[in-house]
Protein chains: 2
Amino acid sequence: MPELRKDPVIGRWIIISTERGKRPTDFIVEKDTIKGGFCPLCPGNENTTPPEVLSYRQSSPNPNRPGWTLRVVPNKYPALIIEGDINKEGEGIYDKMNGIGAHEVIIETPDHKEAFTHLPKERMIQVFWAVRDRILDLAKDPRFRYVMAFKNFGGAAGASLEHSHSQLIALPILPRMIVSELEGSLSYYKYKERCIFCDIIRQEINLGIRVVCQNEQFISITPWAPRSPFEMWILPKQHTSSYTSGDDASFAALTEIFSESMRRLNVCIPSVPYNFVLHTAPLRAQSLDHFHWHFEIMPKLTMIAGFEWGSGFYINSVPPEDAARFLRDAKLTI
Amino acid sequence: MPELRKDPVIGRWIIISTERGKRPTDFIVEKDTIKGGFCPLCPGNENTTPPEVLSYRQSSPNPNRPGWTLRVVPNKYPALIIEGDINKEGEGIYDKMNGIGAHEVIIETPDHKEAFTHLPKERMIQVFWAVRDRILDLAKDPRFRYVMAFKNFGGAAGASLEHSHSQLIALPILPRMIVSELEGSLSYYKYKERCIFCDIIRQEINLGIRVVCQNEQFISITPWAPRSPFEMWILPKQHTSSYTSGDDASFAALTEIFSESMRRLNVCIPSVPYNFVLHTAPLRAQSLDHFHWHFEIMPKLTMIAGFEWGSGFYINSVPPEDAARFLRDAKLTI
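Here goes a summary of the coordinates provided. All values reported here derive from a predicted model rather than from experimental measurement.

### Describing the relation of the copies chain A and chain B
Phase 1 of the analysis: When chain A is fitted onto chain B, the two copies agree to an RMSD of 0.0 Å after a turn of 180 degrees and an axial shift of 0.0 Å. In symmetry terms, the pair is related by a two-fold rotation axis. Of the C-alpha atoms belonging to chain A, the one lying closest to the rotation axis is found on Ile304 of chain A, 4.1 Å away.
Phase 2 of the analysis: When the interface residues of chain A are mapped onto chain B, 100% of them again lie at the interface, so the same face is used by both copies.

Here is the structure:
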């Protein structure tokens, strides 16, 4: 019997269709379609990207030269433009504003062939630092209300370059998904006077069936109502609404859990395309008692078709309890 | 300069990224990946589907035999199951219910090679009748609150069978997208005492720049804030909240506009994969002053990647004014 499950935070329903009870090996990952050739993200080609806004370097203090381990540059083909004042306007009953924002690329490694999942932890942590450093810097710009950090891995998940990278988009408005999470968690808080994410973490630790891995500070779970098979959420165990308030030790603990989760996923479904996104509090928000920052990791294993588009429902063929068990049982070689 | 636009009904923002100003010929439609072989939807194979729940027939009054022009059968691999009582339950802080629902397939033609877009109008109208007839029948079941009618065309849009078909899913809860439209349009109605869709239609007729085609009863437009290039909405000009209240003449007028819109799209981007969905009032709802039924047609031309997943924002490279102009200018051969 299929099951309907409701996401406790935003109220999105999903259908767990257990009829075909899939195993990880049922998912066939097609060969990637990203074309190779000249790579603007490789060392030596620094002059083919806009000048860097941040870099971490082992050697050579000179910006826009090789010697970096991580580099952040403005996107050469940005979705939004950094220059200009925000101008809100109506057109009859419609609303628009000019496309002010920032769009940056985090080049996660100088090595063209190195995947995020297999970055050594002392290098993966730099990605999380870079996200923090760039959010803190972009927050100084009063035009921006939110920075969405995300990663597309694999052509099927929307990546257009092979070289490992993630992205940041600074927005002049709060994205709808963040508004939904803020409203959903606030309405729970008003009712219970507790953070719903803290309650989720408590229940998941208690039950264990949807836990992928955990350490003292972070937990990785398959959520109760996942949109996609093998969807994972990574949350700090201690209530914190803003990603940027973490200290060095907490970023190290995050890296440990993130790295382990990604490697477990990769053992279950080798080379699976995926997206991940950071959901954190709006820029310059005070500490919020009802909201709890987290990452959402979504393997690209299913199609968004008419039903999902039209309804906002998702159909998922793998119960999260099964996915978590497969992920826990995956044999890690490193 | 890119532009941010807000959907007036549900408040979803999209980015019109005009940097690359795409033309229809910039979209490459890949060869379809649906595998051929035995077709359970073809005449003669009626016994390979569950028994039909509706058919329109030219000859042979016997169900589940050839002679039909359109046939509706339960999905052999349903996302939801028709048998059982609805059982709502909690699991700690989480909510679930058993997966009660109906999942039906509308076989739109007996001809395996005939595409929906090229159905003669006297046959395409049967698809719209079938949607009406099945919604009216499923509405008698008090367990169901909504019927989502939709079509996936092409493997990239989620179709798994080549033979032209659409689908219906009856749900025991209101889908999130419908709730958003009902709430958004109600909040407008409370403020203005007018239906927002009626206001949209008035403004679009007035301006003309986003009109694809129209007749006395229906209009096809590219919406102000489209998620996808060449997205189209088809709406009745006269305020009506429920699809099923249409009479024969109105279904004929709908067919004319739907057929023309699809053929224009197909001239612009031959064989483009697409989804369409019907948004109508909940089952057994009284006539609603604030809600207005419509179809949304979404060509599958872009990727839903991390940013879209994580934010609920969409990036669209074709302004709807350009798309409407290309669609209007398309030379129809029939």
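### Here's the deal with the interface of chain A and chain B
Many authors give the size of an interface as the accessible area that is lost as the parts come together.
Phase 1 of the analysis: Facing the 57 residues of chain A at the interface are 57 residues of chain B.
Phase 2 of the analysis: Partitioning the side of chain A that touches chain B into residue classes produces 32 nonpolar, 14 polar and 11 charged.
Phase 3 of the analysis: Alignment of strand β1 (residues 3-6) of chain A against strand β6 (residues 94-98) of chain B, held across 4 bridges, turns out to be antiparallel. Paired with Leu4 of chain A across the strands is Met97 of chain B, a residue of β6 of chain B.

### So, the environment of Leu41 of chain A
Residue and element names in this part refer to chain A.
Phase 1 of the analysis: Note that Leu41 resides in the loop between β2 (13-16) and β3 (54-57).
Phase 2 of the analysis: For Leu41, a count of 21 C-beta atoms within 10 Å puts it in the buried group.
Phase 3 of the analysis: When near neighbours in sequence (up to four residues on either side) are disregarded, Leu41 contacts Ile107, Leu161, His163 and His165.

### Focus on the environment of Arg328 of chain B
Phase 1 of the analysis: Position of Arg328 of chain B among the secondary structure elements: in helix α6 (residues 320-329).
Phase 2 of the analysis: Residue class for Arg328 of chain B comes out partly exposed when judged on the 13 C-beta atoms lying within 10 Å of it.

### A short note on the nonpolar core
Phase 1 of the analysis: Counting 95 residues, the largest nonpolar core has Ile106, Val147, Met148, Ile169, Ala170, Phe230 and Ile234 of chain B as its most contacted members.
Phase 2 of the analysis: Excluding residues within four positions of it along the chain, Phe230 of chain B makes contact with Leu265, Cys268, Ile269, Pro299, Leu301, Val318 and Ala323 of chain B.
Phase 3 of the analysis: Grouped together as the second largest cluster of nonpolar side chains are 94 residues, Val127, Phe144, Met148 and Phe291 of chain A included.

### Quick notes on the packing of helix α1 (residues 121-138) of chain B against helix α4 (residues 248-268) of chain B
Residues and elements named next belong to chain B.
Phase 1 of the analysis: At a minimum axis distance of 9 Å, the contact between α1 and α4 shows a crossing angle of 110 degrees. Taken together, α1 and α4 sit at an angle that is classed as roughly perpendicular. Note on packing geometry: the crossing formed by α1 with α4 is right-handed. From α1, Lys121, Met124, Ile125, Phe128 and Trp129 reach across to α4, where they touch Phe251, Ala252, Leu254, Thr255, Glu256, Phe258 and Ser259.

Reading guide: rules and limits
- Residues numbered from 1 in each chain as written.
- Chains lettered and ligands numbered in written order.
- Predicted model: local features only at pLDDT ≥ 70, side-chain atom pairs only at ≥ 80, totals over all residues.
- Least-squares fit on C-alpha atoms with pLDDT ≥ 70 in both.
- Contact = placed C-beta atoms within 7 Å.
- Nonpolar A, V, L, I, M, F, W, Y, C, P; charged D, E, K, R; others polar.
- Pairing = 2+ DSSP bridges.
- Helix = DSSP H or I, 4+ residues; strand = E, 2+ residues; numbered from the N terminus.
- Buried ≥ 20, exposed ≤ 12 C-beta atoms within 10 Å, placed from the backbone.
- Core = buried A, V, L, I, M, F, W, Y, C linked by C-beta atoms within 7 Å.
- Axes fitted to C-alpha atoms, helices over the stretch in contact; angles between N-to-C directions.
- Parallel < 35°, antiparallel > 145°, perpendicular 65-115°, else oblique.
- Left-handed = near helix turned anticlockwise from the far one by under 90°.

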